[in-house]
Amino acid sequence: MAARRTDALIVDAVRSPIGRKNGTLSHIRGDDLAAQVVNGLVERNGVDPAEIEDIQFGCVTQIDEQAWNIGRNVALTVGWPVSVCGTTVDRQCGSSMQTNFNAAAAVWSGQLDLVVSGGVEMMSRVPMGSNHGSMSGAVHERHDIVMQGISAEEIAAKWDLSREDLDRYSYTSHMRAARATDEGRFEKEIIPVELDLPSPDSGSTLVRTRFAVDEAVRRETTVEKMASLQPAFVPGGRVTAGNSSQIVDGCAAVLVASEEKASALGLEPRARFLGFGIAGVDPHLMLHGNPQACERALAKAGLAWDDIEVIEVNEAFASVVLQFLADTGLRERWEAGDVNPNGGGISLGHPLGATGARITATLVSELERRNARYGIAAMCIGFGQAIAGVVERLA
Ligand SMILES: CC(C)(COP(=O)(O)OP(=O)(O)OC[C@H]1O[C@@H](n2cnc3c(N)ncnc32)[C@H](O)[C@@H]1OP(=O)(O)O)[C@@H](O)C(=O)NCCC(=O)NCCS
């Protein structure tokens, strides 16, 4: 591993419960939700918010309530001193893994000592694509740019993944997420949220409600029900609503510190970042870069797959995870429960800009639960990229 001045410590990593599409969290703005999450993060660690130098937040659909640099707006919404800076990062689905990378790099290089890295995406309130992006004709001349669901279909075809395989993977994701919920595995990472919900009796009356449990998991689903769903993107295709990540609302945040700052504030770090990797791949197939990103992150960390005990690979689509397992030869480790042991984007949902920090929080909790040392979190990214980060639990 390259020599560094200081470790980039993960003091703590938390998240909101994830709300299903048009569900509980559709009644709160993203900045108001994020304010509760980052406040919970600093409060439970006894950190004076004035010590935070920067909030780096991932958010993909930066329009309307999520525009105007939501990273800074979170600091202002929670009422932290105006000295707490904030920025917003868009590396599409990898945005809050990128903020981890940015925060760790800033700490490693001695430029910052205490950073909140996280993300938020309220997909019910600010729909994916509502920021109406477009690309230069030059890109379209070189590449056949399609939507993610089409790439997921093409990956399924190219890697010869059957509909049954995609559905079985996805069913397992729901069962694992339900078990993790029942066993309380998410309790340490979830910051319960308070919000006003319309009363079921009279929509105009608001009832203060505490929301603490992930809402998108379909514990009642069966392989047969999933097999009956129609293809979502291509007639006759294999990708359905059941084997795609769910559209949801959520927020997650990681407190990253230098060793000097952690020791000065008496903080007890739970883990540290060891290395990151990014990979650029064909923008048409788009979602198949996880193996390369992991390879690079592992090389930076000086580790190999055999060292890694827990693997989080964002479930953008079942085909993406199965392609990752095929390319890395890790299929048996998924069967054994080392890959996405507590479900993922298919069962819990994938709040785009928040997912990188969400899977980091879940990874750290799971390393602790297993008394394990090394873990990796990886995610594919729209238009042909991927990003991965390696984490070491600190006893
Ligand atoms: C695939 C997608 C278009 C489906 O959207 P949707 O139709 O709004 O999805 P829903 O959750 O309403 O599910 C559709 C139907 O399937 C059913 N369904 C979904 N998952 C199910 C499951 N696991 N078991 C049983 N039924 C299921 C729903 O109950 C619903 O049934 P209904 O129409 O009778 O109510 C959407 O989830 C999507 O775009 N996902 C990918 C997001 C994305 O691209 N993210 C970036 C990744 S790179």
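Our subject is the structure that appears above.
J.: Run through the nonpolar core, naming residues and quoting values.
T.: Ile10, Val38, Ala253, Val256, Ala386 and Ala388 are the most contacted members of the largest nonpolar core, which has 118 residues in total. When residues in this core are grouped by element, the largest group, 8 residues, is from strand 8 (residues 248-257). Filtering out sequence-adjacent residues up to four positions away, Ala388 remains in contact with Phe276, Gly277, Asn290, Ala293, Cys294, Ala297, Ile376, Ala377 and Ala378.

J.: Which residues make up the site of the ligand, and what values do they have?
T.: Around the ligand sit 18 residues in total, of which Thr221, Ala241, Gly242, Ser244 and Ala316 are the nearest. If you list the elements that add at least two residues to the shell around the ligand, you get helix 5 (148-158) and helix 7 (223-227). A breakdown of the residues in the shell around the ligand according to their chemical character gives 7 nonpolar, 9 polar and 2 charged.

J.: Just give me the short version of the environment of Ala304, but keep the residues and values in it.
T.: Counting through the fold element by element, Ala304 comes out in the loop between helix 9 (290-301) and strand 10 (310-313). What makes Ala304 exposed here is the crowd of 11 C-beta atoms within 10 Å. It is 9.7 Å that separates the C-alpha atoms of Ala304 and Cys294, two residues lying 10 residues apart in sequence.

J.: Let's hear about the environment of Ile28: which residues, and what values?
T.: By the secondary structure assignment, Ile28 is in the loop between strand 2 (19-20) and helix 1 (30-44). Along the primary structure Ile28 and Glu194 are separated by 166 residues, whereas in three dimensions their C-alpha atoms are 9.4 Å apart.

J.: I'd like a rundown of unusual backbone geometry, residues and numbers included.
T.: The backbone of Asp64 shows a phi angle near 50°, a positive value even though the residue is not glycine. Looking at the secondary structure, you find Asp64 in the loop between strand 3 (54-58) and helix 2 (70-78). Of note, Trp68 is a non-glycine position whose phi angle comes to about 60°, a positive value. Looking at where Trp68 falls in the secondary structure, it is placed in the loop between strand 3 and helix 2.

J.: Before we move on, could you go through the pairing of strand 4 (residues 85-89) and cite the residues and values that matter?
T.: Pairing geometry for strand 3 and strand 4, over 5 bridges, is parallel. Each bridged residue has a counterpart across the sheet, and for Gly58 the counterpart in strand 4 is Val89. The β-α-β motif built from strand 3, the intervening helix 2 and the parallel element strand 4 has right-handed crossover chirality.

J.: Report on the pairing of strand 10, specifying residues and quantitative values.
T.: Judged by which residues are buried, strand 10 turns out to be covered on both faces: Val310 and Glu312 on one side and Ile311 and Val313 on the other are all buried. Examined bridge by bridge, strand 10 and strand 11 (residues 374-381) share 4 bridges and lie parallel to one another. When the sheet's bridge partners are listed, Val313 is paired in strand 11 with Ala378.

J.: Please give an account of helix 2 that cites residues and values.
T.: Turning to helix 2, its buried residues are Ile70, Gly71, Asn73, Val74 and Ala75. Along its buried surface, helix 2 packs onto helix 1, strand 3, strand 4 and strand 5 (114-122). Just beyond helix 2, the residue with positive phi is Gly79, at close to 85°.

J.: Any chance you could break down the packing of helix 1 against helix 2 for me, citing the residues and the numbers?
T.: Packed helices, taken two at a time, are described by the angle between their axes plus the distance between the axes. Where helix 1 meets helix 2, the axes come as close as 8 Å, and the angle between the chain directions of the two elements is 70°. With respect to helix 2, the axis of helix 1 lies roughly perpendicular. Here the hand of the crossing between helix 1 and helix 2 comes out right-handed. Residues Gly30, Asp31, Asp32, Ala34, Ala35, Val38 and Asn39 of helix 1 pack against Ile70, Asn73, Val74, Thr77 and Val78 of helix 2. Here the contact of helix 1 with helix 2 is built from residues that sort into 6 nonpolar, 4 polar and 2 charged.

Here is what the cut-offs are and how they apply
- Residues numbered from 1 in each chain as written.
- Predicted model: local features only at pLDDT ≥ 70, side-chain atom pairs only at ≥ 80, totals over all residues.
- Core = buried A, V, L, I, M, F, W, Y, C linked by C-beta atoms within 7 Å.
- Buried ≥ 20, exposed ≤ 12 C-beta atoms within 10 Å, placed from the backbone.
- Helix = DSSP H or I, 4+ residues; strand = E, 2+ residues; numbered from the N terminus.
- Contact = placed C-beta atoms within 7 Å.
- Near = placed C-beta within 6 Å.
- Nonpolar A, V, L, I, M, F, W, Y, C, P; charged D, E, K, R; others polar.
- Pairing = 2+ DSSP bridges.
- Right-handed = clockwise from strand over helix to strand, strands pointing away.
- Axes fitted to C-alpha atoms, helices over the stretch in contact; angles between N-to-C directions.
- Parallel < 35°, antiparallel > 145°, perpendicular 65-115°, else oblique.
- Left-handed = near helix turned anticlockwise from the far one by under 90°.

As far as function goes, none of this settles anything; it's purely spatial.
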